[in-house]
Structures are given as C-alpha cells and as structure tokens.
Amino acid sequence: MKKLALFRHAKSDWSDGATRDFDRALNERGREAAASIGRYVKQQSMACDHIIASPAIRVTETLEIAQQAYGKPWQIHWDRRIYLASSATLLDLIHQQDDHYQSLLMAGHNPGLEDLILETVPLGSNAHRDRVEEKFPTGALAVISFDCDHWADIANGNGVLESLIFPRELPVDIL
C-alpha cells in the first residue's frame, strides 16, 4: 500500500504586480491557512516518509509555516520540476520515488495537483472525488491510497481518495 498526500500551496499575494510568479509570497490568509493545515496534520498524527516540493516561494512559505505549526522538523526535497507541472510530469516524478517510502507528500500547484487527483481517482468513486471536480483550492490537502507495492504502479484510476481537507472547513480549535 502506498499513500500520496497532495498539498496545494496556500493563498498567495497578487498585490505586487512586479513580482515574478515564482517569487510570489503568501498573503495573510494564506499564512493562516498553512498554519491550520500544519496543526491539523499534527492533531491527526499524519506523517509521511518523504516530502518533495516545488521551490516556488509560495510553496516554501506554506511548508515552513505548516511545519512550524506541526512542531517537528520536516526533511523537504525541493524539485523545480514540480513548479507549475502538468499531472503527467507529477506522475512521472511519483514513479521515480524509492519504493522503500510507503508515504509521500508532494507540495505544489494547480492545475497539476488537481488534475492528478482527477486522473488517479476514478470518477464517482466518493464524495471527496466529486468535490475535487468542483475545486481543489489553495491550502487544500488530499490523501490518496494505492493498493500497490511500487510507486511506478500508480496509474490513472487506481487510487482511493481517503481524505480531502480545505483550510476554511477546519474546526475552530484547529484555526
């Protein structure tokens, strides 16, 4: 069994039009959402064996804030190929992961993350999947399980979307 968590960066700041897309930072709402997800992950005792992430500023800030709220250091492997990658590129990166990792967290961007969920989880399989059809918003965290032993065996339609967390829906005690 392999578990894949997909974490979309939190809300970024669009007010500085001179900033390159790669360099956009989080806005206040994004910082609060990232901290909420970090606290949620801690409360749920969620852990992963390996983290790979886009090095874009909004992703690095999201993970830094979530990690602080989680309260323990994370070993993050930055991979520029995740920056604005298509779902096909993201799936290729997942296929390249070492099989001794049972769980992987990938942090990045839409539309690639959303498309990856929609492609690996069968249409109509559960309410979480249906919600992703509507939107995978900033700060969202999805956990997909795959009944396989090798990351390379993950394919379109063979995942189960176990959980889907939107920061705005977390209980007040998490916020």
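Up top is the structure these notes are about.
Residues numbered from 1 in each chain as written. Predicted model: local features only at pLDDT ≥ 70, side-chain atom pairs only at ≥ 80, totals over all residues. Heavy atoms only, no water.

Asks: Got a minute to help me understand the overall build of the protein in this structure?
Replies: Counting secondary structure elements, the protein contains 5 helices and 6 strands. Ordered by position from the N terminus, the helices and strands of the protein form the series β-α-β-α-β-α-β-α-α-β-β. The C-alpha radius of gyration of the protein comes to 15 Å, within 12% of the 16 Å expected for a compact globule of 175 residues. Along the first, second and third principal axes, the C-alpha set of the protein runs to 40 × 35 × 35 Å. For the protein, buried positions account for 51% of its 175 residues. Within the protein, contacts between residues at least 6 apart in sequence are counted, and of these 75% link residues at least 24 apart. As presented, the protein carries roughly 8,400 Å² of accessible surface, and 50% of it is formed by carbon and sulfur atoms. Here the protein contributes 18 positively and 25 negatively charged side chains, and the mean placements of these two sets differ by 5 Å. (Helix = DSSP H or I, 4+ residues; strand = E, 2+ residues; numbered from the N terminus. Rg over C-alpha atoms; globule rule 2.2 N^0.38 Å. Buried < 20%, exposed > 50% of the residue type's maximum accessible area, 1.4 Å probe, protein only. Contact = heavy atoms within 4.5 Å. Areas by Shrake-Rupley, 256 points an atom, 1.4 Å probe, with all protein chains shown as cover. Lys, Arg positive; Asp, Glu negative; His and termini not counted. Charge placed at Lys NZ, Arg CZ, Asp CG, Glu CD.)

Asks: Just checking my understanding: could you explain the sheet that holds strand 6 (residues 159-165) for this structure?
Replies: Taken in spatial order, the 6 strands of this open sheet run 3-2-4-1-5-6, and their pairing is mixed. What marks the edges here is a single partner per strand, and that holds for strand 3 (76-78) and strand 6. The sheet shows a mean angle of 20° between the axes of neighbouring strands, taken without regard to direction. Bridging between strand 1 (residues 2-8) and strand 4 (residues 103-108) involves 6 bridges; their strand directions are parallel. Pairing of Lys-3 across the sheet is with Ser-103, part of strand 4. Against the sheet, helix 4 (residues 112-120) contacts strand 1, strand 4, strand 5 (141-146) and strand 6, and its axis sits at roughly 145° relative to strand 1. (Pairing = 2+ DSSP bridges. Axes fitted to C-alpha atoms, helices over the stretch in contact; angles between N-to-C directions.)

Asks: How should I be thinking about the pairing of strand 6 in this particular structure?
Replies: The side chains of a regular strand alternate between both faces of the sheet. When you tally the buried positions in strand 6, you get 5 out of 7 residues, the bulk of the element. Summarising the sheet, strand 5 and strand 6 pair through 6 bridges and their orientation is antiparallel. Each bridged residue has a counterpart across the sheet, and for Ser-145 the counterpart in strand 6 is Val-160.

Asks: Quick question: what am I supposed to make of the environment of Thr-62 here?
Replies: When you line up the elements, Thr-62 lands in helix 2 (residues 57-70). Taking the C-alpha atoms as reference points, Thr-62 and Pro-137, 75 residues apart in sequence, are found 14 Å from one another. Engagement of the side chain of Thr-62 in a polar contact is seen with the backbone oxygen of Arg-58, the distance being 2.6 Å. (Polar contact = N/O pair within 3.5 Å; in protein donor to acceptor, adjacent residues only side chain to side chain.)

Asks: Just to check I follow, could you spell out the packing of helix 1 (residues 28-43) against helix 2 for this structure?
Replies: Between two packed helices, both the angle of their axes relative to each other and the distance between the axes serve to describe the pair. Between helix 1 and helix 2, the shortest axis-to-axis distance is 7 Å and the interhelical angle comes to 45°. It follows from the interaxial angle that helix 1 and helix 2 lie oblique. When the axes of helix 1 and helix 2 are compared, the crossing they make is right-handed. Between helix 1, through Arg-31, Ala-34, Ala-35, Gly-38, Arg-39, Val-41 and Lys-42, and helix 2, the contact on the second element is made entirely by Thr-62, Ile-65, Ala-66, Ala-69 and Tyr-70. Along the lines of polarity and charge, the residues of the contact of helix 1 with helix 2 split into 7 nonpolar, 2 polar and 3 charged. (Parallel < 35°, antiparallel > 145°, perpendicular 65-115°, else oblique. Left-handed = near helix turned anticlockwise from the far one by under 90°. Nonpolar A, V, L, I, M, F, W, Y, C, P; charged D, E, K, R; others polar.)

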